[in-house]
Each structure stands twice: as structure tokens, then as C-alpha cells.
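# Architecture and fold: a report
Residue-level listing of the chains:
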Amino acid sequence: MGPILLVFRLVLADVRRHPVQAGMLVVAITAATATLALGLSMHGATEKLYRQTREATAGPDVVALSPGTDRSTITALTSLEHAPGVVAHSGPYRQYYTKLTAHGSTGAAVVQVADMTPGPVDRPLVTSGGWVRPGGAVVERGFATAMHVEVGDRVTVAGRSLPVVGIAVTAARSVYPWALGIGPNGGPTDGGGVVWLAERDTRALVSPDVPVTSFINLKLEDPAAARTVSRHNPAIAPAFEGTWVSTRPWQGISGQNFVMLRDSQPILVVGSWLLSFLAIGGVATLAAGRAAKQTRRVGLLKAVGATPGLIAAVLLTEYLALALLADAVGLTIAHFTTPAIVNPSASLLTTTTGPSGDTIFLTTVVALGVAALTTIGPTLRALRTGTVSALADTAHRPRHRAWLNRVSALLPTSLLLGLRLIARRPGRAVLHGCNIATTLIVVSAMLMIHAQPVKGYPGSPMATHAQTAQARHLLLAVTAAVIALAIVNTVTITWAFAQEARPTMAIARTLGATPGQITAGLSAAQLLPALPSVIVGVPLGVQVFLLFNRGDAAMPPGWWLIAAGVASLLATAALTALPARAAARRSVAQTLSAEAP
Amino acid sequence: MQDAVLAMLAKEPSHGYRLRARLRQALGPLGESMNAGQVYVTLARLEKAGLVAAERSDGLPDRPDRKVYALTPAGQQRVSAWLSEVNWPKANLTEFHLKLAAAAAARLADPVELVDAQRRELLRRLGEAQRAVLAEPDDSTAGLLLEGVALRLQADLRWLDACERVWSKPKNESEDA
Amino acid sequence: MTDFDAVLQSRGLSRYHGQGESLVRAVDEVDLDVPAGQTLAIMGPSGCGKSTLLHLLGGLERPTDGEVWLAGRRIDHLNERGLARMRRRSIGFVFQNFHLVEELSARENVELPALLAGRSSRAARRRAADLLERIGLGDRTRHLPWELSGGQRQRVAIARALANEPLVLLADEPTGNLDTAATIEVLRLFADLRAAGQTLVMVTHDERVASTADRLVSMHDGRFVGDTRLAGGTGRLGDLIGLDG
């Protein structure tokens, strides 16, 4: 019990003494695990949402659609009730291809004639308001969201103004804007949503100008066999000799849903790679920044007789505990944001059950891995350093660097000092550069995506809007996360740097350097590694975009990319100036006396 | 020893045994080895030199331990000369210690001031020795001797610091009362 | 306050930390006059405020109250930039822990103040070479601090403090981290400086170091409690070793 208590006491004391560092560690790992969990959830998430919706709405296994409302068409569809494997059915129903106007905007719509009491297959789930009644329309939720329609609003269908009495979801159609199933002439038509009306209210639509289709919803004994119910099935084909039929198995309906996310997934996948990379960079900086202190602490522990095992336990426990905390926070964030991100439109139910076991396992492995990988090095080094030299903290002695000395001799004195300090830990300068390069990759990829022309659905601008907004919001979210993490990293790096530079800068101040000179020197020195990162990051971002882009890509105006590079340099300068300024303002006497052994 | 005994008498005339008790108190464990004879021999010498006068107590046999000793004017002069003396020929710690004790007991002088005067003198000497050390090249044998002198003076100065610390506390002024 | 004999002066100089019950008078109304060319030693127990006093005199800390005058110019109310310029031109600091810039070679360390003062790199280099030669480290100019012994490092620090020919050299426990031999190296250097007329104020707890000064002030609880002139020996070196019996 004793050693465990000691370990916890030391860990707690350390966290309490360095709350900011602990906080940064948690933030960095949280961002990585959250994005990773989102990226993992995305895979199959829409399918999961569809399954949920299907269960909640008694979704059909097959929907069969035929053009027109002729007797032959109806007979053919009705014959499917007795097709092999069919256990239940609803319909046939009619649907009209028309337009819906709400709040002054008009979008393509398919009006389904609804039973007052839905049949056994496809029972749309009313999420607000009630079900269809004569004189009252129910709008599909994804459609309603795109049209900004709520219960109580009035919509105009076929020249008739009707109140919206309910909003519902269904699994019989793909998500908005692919609800139409097939077009009036049997071909596919996109860009529309579903509206349910009572039979009486659809009479106005019966006109040669309004295309109409009949359809039937079928339930099978074996849902997995849904694909076999098609025109090519010899048991079904004869009934449709005189007409045309499109059968849509539920797997096809579900698959179409993911099209909405096609643009989004690479964003999340690449985004989570980059975020993980940034997290590793940030944690590595923190760990390396503390290595010297840890080495000294290990020396102290060794001097009072702690075994190497205990010391390793103390060092690792802290990071692993913080990593686990960050993992939990990241999974929670992912849990609450998944519905918003993986739901292609509001057309599916989003009662998710939380991250799957696989996701939890993987993110935990990654979080612990990041913590362990970045701390094991310093831990081993600390353990290997002799007790006495650890106490004397002789690690990290500066080396002679002839070329650097020649170059820096030409620079202003404070910049010279800054450069020499940076050269003492070249690894950190590289991390700093990678950090900025990563951010710029994401930012320039985002600019590329924004520069692409919008491919839309003619006649239904809100449908176009819904899809592009989905991808762009996500991209914006990932970019924001990357920028946030990059800021955390830059602050971590510059803060660690300012910490180390403090004694040297205090010395320079005793020699008559002004606080302004100190700030400028520290800040400028850190801009140097940022410069090549900007030069490399922007073209890399463009390349990453091209890698995932299908077809021709439009280039954004050159000044967008240049502005992004300049902005990132300015931001770095500002971020580095803050801790540098804080270090420059600190009392010289205090700093120097804190250095005393 | 003579000067110390004289200074002890400066507060008030005293019996020989009482004088011895005071000396032993001032010296602590170091005074254990001091026998009665030493004090009386010293007193006899001082009496012969005319620095103290002895008065026999009434009705008692003529024995040294029954006499009350007092300072003569010459003795008083000698005491004040001794107190202002800052020589430190052989770093006689016992003598300086007794000087402080006697000065405090008789309120002849502030022990802290005595320490301070002594320190100034020793610092001057140390400065001289130290400069001589710096002037000698490394590995000079004469430098070795000077180094020894400087180290000894440094030790004496540190001891004076300790004296000052203890004597500057108010309780010591009344310790002997 | 225009007594130009005193190159460094303070009047009522005070520095307090904390408030109310926990008020600490690190330096309490200190009046000090340091004539040009004097070597002044400040002694006292640790925590008596001697280092704080030195920091106040050199403008590294700001006084709570009182004045500091350097060469007839009041410096305690200068802003940070003004103080920096003042330190650059007129003050040289030497510390117990040397405080050399670990990343810079001995020569570069000595060049620093001259470069900060805006001198050309050639002038700074020449000055550094001269100074390093003078302190006997002409052959160690390219060494990094950790490659030098303690005494050598402190001599480099002193050379650096002298780079801009300061009016006053302020040394805070300059031999505190040195062994006897290295202490002698540093004291010899100080003796040379003294002979050259350099004003030097040093804080020390080593009697041997303090005794080489012209004057010694003792500090206790932030106040001066003694002021001794040491210069001009008795000329009786023989007394020291008891030659006259």
C-alpha cells in the first residue's frame, strides 16, 4: 500500500504544481481521441442510424415502384404481395411529383397519398405534431429542415395552401434529397423530399401535367434476401411484362444515405490523422520540456532510495492517468457530436447508443500510446542518468555549432541569443515547424474545397445547400479543431521555450537588454522554423485536396493561399510574443535567484 | 588570567570562593579543571602588585578564602585598559570570553561593542594577511604561512560573530545576577 | 545630492515584501555613499537583505521607497527601458552562479554587453579579446561555459561585466561557489581592478573576501549596523605571525 500511496501522492503533487501543463496534455489528447472516435464512428454510422430508423418505423425490406396508376400497374404491384418470401405489405399507394413552397422558397417534392392509419409496413415515426389528417400535411423531417418548416407553418402544394400538422421520418426512402425513389418516367431523380397528404387533398394533383407513380412496401421473411426481389427474378418478372418496375431493397436505400457523407469522410479521416499528429507533437513537446525537470526529480527520488520501478511508475502514472482522462473526455465529446456529424440530414433518427466497444478500445490504445510513447523516452533517460549528475542536471549541454555561430554572428544580439537557445533543442524546432505545416495543410485544403464550384440539384437549391453545408460545416469544424490544437501546441512550445530561455534572457537583461529586445529576439527566433513550414504546408495542403478530389479541381485565387501563409506567420509571431513578453516582464532578480541551486 | 580576575572584581568586592564560582560559571565545563589554588595564587600576586586590596572578615581566621577582595584605583585603571585592548596575540579565546563575561557582569562595557571593536581589528589584520596572500605567487612557501594566518583569523572572526549573536541577546546581561 | 565624489548613492532606500503582519523589510532606509574608486564589501547573515540592496543599486529591482543616484543622476524612477540602458552603460553585474549564457562561448559572453550597447561586432570582439587576455583566459575564448572551471567561469563573468567600462561593478557573492584557489584567482583580479580605480561593491559572507575591501559595512535585518574602514593596514604584518614574541 505504501508505494502506491507514495506514487499517487507524488503524481498529485506534480499535477497540482503544474496544472497548466496537465491541462494542455489533456486538451491535446482529447482533441485527438475525439476526432479519432468521430472518424471511426463515421464508418457504418449512417447505416446504424438507418437500421434504428428502420426498426422504429417498421421499414420495408423492398419498395417496388411503377410509373402511372393504371389498373395493370396496380395489378402488377399487388401481385408482389404473393411473391415468394413476402410476409407483409402496405399499399399500393400513389405518389405525385410536384413542388412544395414554404416561406417563399420552392423545392422538388414527392407527395405520397397516406392512409389515416399506416399499414403494417412503413409506419413513419412522427417526431413532432401528429399524423396526416384531411387538410393537414406531414413533411419528412430532412425535407422540413432544409425548407425550415415546422408544425403549424403553412406549405403550398399544387396551388393549395395546407397547414403542416406533423413532421415524420421514414425508412422507406433514402434521406433527403434522395427521397423521390424513381422519377416520373422510371429514371432516378434527385433533389426532393417527401410530403404525406390525405387522399382527399391529393385530388387536385390528378392532372396530366403532374407525373405520378405507384408503389408498394413489402416485408420479407428474410430481409437479407431483399435484393432477390427484382425484375430479374423469374417468379416476379411475368407480372411486369406490360409495365416497368423499380425495386429498391433496403440495403440500397441505406447505401444512398452515405453518398451525402462521401465528401465528409475524407475530411474526418485525414483530419483525425492530422489531429493525432498534432496531439503527439504537443504531448512530445510537453514531455520533452519536462524531461530536464523530471531527470532532476528522478535524481532526488533515487537519492532517497526509490527503486527504478517506483520511479517509472511515478512518471508513467501521471501521463497515463491524464491520457485516460483525456480519452474519456474525447469519447464523451464524440458521443455528443456524432449524431450531428454522421447524420447526413435530419431524415434519420439519431438516438445513438454511444461509441462502440471497438471505438473505445482503439481510442484508449491511441491515447495511452501517445502518452507512453512520448514519456517512455524521457523516463528511460531519467532512469539511466546517474543520481548525482541528475541532481546536477547536466543533461542538455549545448554543443559547438560552427555554422550556426557564423550565421548568428551577423544578427542582432537578442535574435542571436534566441537562435542559440533554439539550436540547443533542435527537435523542438522541428516539432514547431511540423505543427505549423500541419495547420497550413488543413487550412489550404479548406480553401481548396471552398474554391470548388457547387454541384447542385437543378430546381432545388436547398437540397444543394444541404449537401454542401454538410461537408463544409464538417470541414470548418475539423479546421477549427486543428487550429485550436495548433494554438495549444504553439503556446506549449513557445511557453516551454520561454521557460528555458528565462535565465538566459534574465542575464541579458542584467547586461542591459530591454524587455522589448528580449521579446523581439525570442519571438523572431521562433518565426524562423515557421517560415519553411509555411512554404511547405500550403502546397502540401493543395496536394492533399487533389488526392481526394474526383475530377477537375478549381484553384482558389493565389492570394487566398498567400494570405493564409502570412496569417499563420503573424499568428505564430503573436503567440510566441505572449510568453516571451511574460518572460521579459518577470523580475530579473527573482528569475536569477530561482536559478540558484 | 590576572586581567580576568581583576575584571570580575570590578562589579563588587568579593570573597575568593565567590570569585572562583563566577569564573567557573563563565567558563562552563572548561572551568571544571580550575582548582581553588589557581585563583588564590592569582589574587595574591595582584595584591602584591597593589591592584587589589584584601579585607579580612571580622572574627574569622586569617585564611585566603575568608578574605574579601576589592579593586584598588590602580586595579580599576588596569581593568579599563584591558577592556579597550584589542590585541589578539595568540587568539586567547578564554581571556576574551572572560573579558566579555566580566564586562557584562560589572556593566563595565557592552560586550557587543567589545566584540565589534575586536572584529574591526581582526578584519584589518585579515585584510593585511589576505593582501599579502594575493601578492604571493602560487606555491610560495611564505604564502603558505600567510594562508594559515588568514585561515586562523577567519576562524576567529567567525567565533566573534557567534559571540555577538549570544551576547546581543538581552538575557545574558542578567545571567550573572 | 550632487556630491560627485560619490559615484553611487542611496538615500532612505527601502524594499519591502508582503503586507501587514507578514511585511518583510528586506532593505530598510539605507543611506549609502560609495566614492569613486572604492571597494566596498557588504557583509551580513543570509537573509539580511544584502543581495536585495545590490539589486536595488543596480536597478534589477525597484525600491519601495527612497532614492538611488548613480554619478549624480537619479535612477530609481527610470522605466524598464531606461534602467536597461543604464545597466548597459554604467553597471556591471557579477553573480554567485556566474550566470554565463550556456549557449555562448567565453568570448561571445564577453562580447554581449558591447553588442547590446550597439557597438560594432569588430569593436566588441576586440574588447572581448583584450579583456579575456587581461583575466588570463586568452587561450579559452572559444570554450563554452561548461568546459571551464568555476574560477575561470567567474573570471569570464567579471570580464563580461567590465565590457562596457562600467562606473560601478556590483558583485553578489562572487566567490560563493568557488574553492579557495579559485577564490584567490578572483580576488587577485579584484585587486587589479581596485588598483586601476574601478569602483566595486560586493556582497559576501566570506571574511577573507570582505577584508580585502577598502570599507566594510555590516547589514542586519535590512539595516546597516556597522561601517568599518579597512584600507591602510597597520604595517605590522609581523604581529600576525607573532614574530615580536
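As annotated in an unreviewed UniProt entry, chain B carries the name PadR family transcriptional regulator and comes from Actinomadura darangshiensis.

Per an unreviewed UniProt entry, chain A goes by the name ABC transporter permease and belongs to Actinomadura darangshiensis. Taken verbatim from the UniProt record of chain A, the Sequence similarities (unreviewed entry) comment is "Belongs to the ABC-4 integral membrane protein family." A UniProt comment under Subcellular location (unreviewed entry) is attached to chain A, and it reads "Cell membrane".

### Re the overall build of chain B
From N to C terminus, chain B includes 7 helices and 3 strands. Ordered by position in the sequence, the α and β elements of chain B form the string α-β-α-α-β-β-α-α-α-α. When the 177 residues of chain B are sorted by exposure, 33% land in the buried category. For chain B, contacts bridging at least 24 residues in sequence account for 62% of all contacts bridging at least 6.

### Considerations on the overall build of chain A
Looking only at helices and strands, one finds 17 helices and 10 strands in chain A. Counting across all 597 residues of chain A, residues that qualify as buried make up 51%. Within chain A, contacts between residues separated by at least 24 positions form 86% of all contacts whose residues are at least 6 apart in sequence.

### Description of the interface of chain A and chain C
In this complex, chain A contributes 26 residues to the contact, which on the side of chain C involves 25 residues. Of all the secondary structure elements, the ones that give two or more residues to the side of chain A that touches chain C are helix 12 (413–424), helix 14 (461–510), helix 15 (515–548) and helix 17 (588–595) of chain A. Residue composition of the side of chain A that touches chain C, grouped by class: 13 nonpolar, 8 polar and 5 charged.

### Focus on the sheet that holds strand 9 (residues 215–220) of chain C
Residue and element names in this part refer to chain C. If you trace the 6 strands from one edge of the open sheet to the other, you get 6-7-8-3-9-10, paired in mixed fashion. At either margin of the open sheet sits one strand with a lone partner, and together these are strand 6 (91–94) and strand 10 (223–229). Averaged over all pairs of adjacent strands, the angle between strand axes in this sheet comes to 20°, irrespective of strand direction. Relative to strand 8 (residues 199–203), strand 7 (residues 168–172) runs parallel, the two sharing 5 bridges. Across the sheet, residue Ala171 finds its bridge partner in strand 8, namely Met202.

### Points about the pairing of strand 7 (residues 160–169) of chain A
Residues and elements named next belong to chain A. When you tally the buried positions in strand 7, you get 7 out of 10 residues, the bulk of the element. Alignment of strand 4 (residues 125–129) against strand 7, held across 4 bridges, turns out to be antiparallel. Looking across to strand 7, one finds that Ser128 is bridged to Ile167. Relative to strand 7, strand 5 (residues 137–140) is paired through 4 bridges, and the arrangement is parallel. Counterpart to Val138 in the pairing with strand 7 is Gly166. Pairing of strand 6 (residues 154–157) with strand 7, which is carried by 4 bridges, proceeds in the antiparallel orientation. Of the residues in strand 7, the one forming a bridge with Val155 is Leu162. Linking two consecutive strands that pair antiparallel, namely strand 6 and strand 7, is a turn of 2 residues; a positive phi of about 50° is found at Ala158 within it.

### Structural notes on the UniProt feature "transmembrane region" (unreviewed entry) in chain A
Residues and elements named next belong to chain A. As recorded in UniProt, the feature "transmembrane region" (unreviewed entry) lies at residues 267–288, 300–322, 361–383, 403–422, 429–451, 471–497, 518–546 and 558–578. End C-alpha to end C-alpha, residues 429–451 measures 33 Å, and it is 100% helix and 0% strand. Structurally, residues 558–578 comprises 100% helix and 0% strand, and the distance from its first C-alpha atom to its last is 31 Å.

### Focus on helix 4 (residues 121–134) of chain C
Residues and elements named next belong to chain C. In a regular helix each residue adds 1.5 Å, so 14 residues correspond to 20 Å; helix 4 covers 20 Å between its end C-alpha atoms and thus fits that length. Taken together, the buried positions of helix 4 are Ala124, Arg127, Ala128, Leu131 and Leu132. Projected down its long axis, helix 4 carries its buried residues within an arc of 130°, all on one side. Summarising the contacts, the buried residues of helix 4 are in contact with helix 3 (106–116) and helix 5 (150–161). At the exit of helix 4 stands Gly136, carrying a positive phi of roughly 80°.

Parameters at a glance
Residues numbered from 1 in each chain as written. Chains lettered and ligands numbered in written order. Predicted model: local features only at pLDDT ≥ 70, side-chain atom pairs only at ≥ 80, totals over all residues. UniProt positions renumbered as here; feature names shortened; annotations may be inferred. Helix = DSSP H or I, 4+ residues; strand = E, 2+ residues; numbered from the N terminus. Buried ≥ 20, exposed ≤ 12 C-beta atoms within 10 Å, placed from the backbone. Contact = placed C-beta atoms within 7 Å. Nonpolar A, V, L, I, M, F, W, Y, C, P; charged D, E, K, R; others polar. Pairing = 2+ DSSP bridges. Axes fitted to C-alpha atoms, helices over the stretch in contact; angles between N-to-C directions. Expected span 1.5 Å × (residues − 1). Arc of directions from axis to C-beta.

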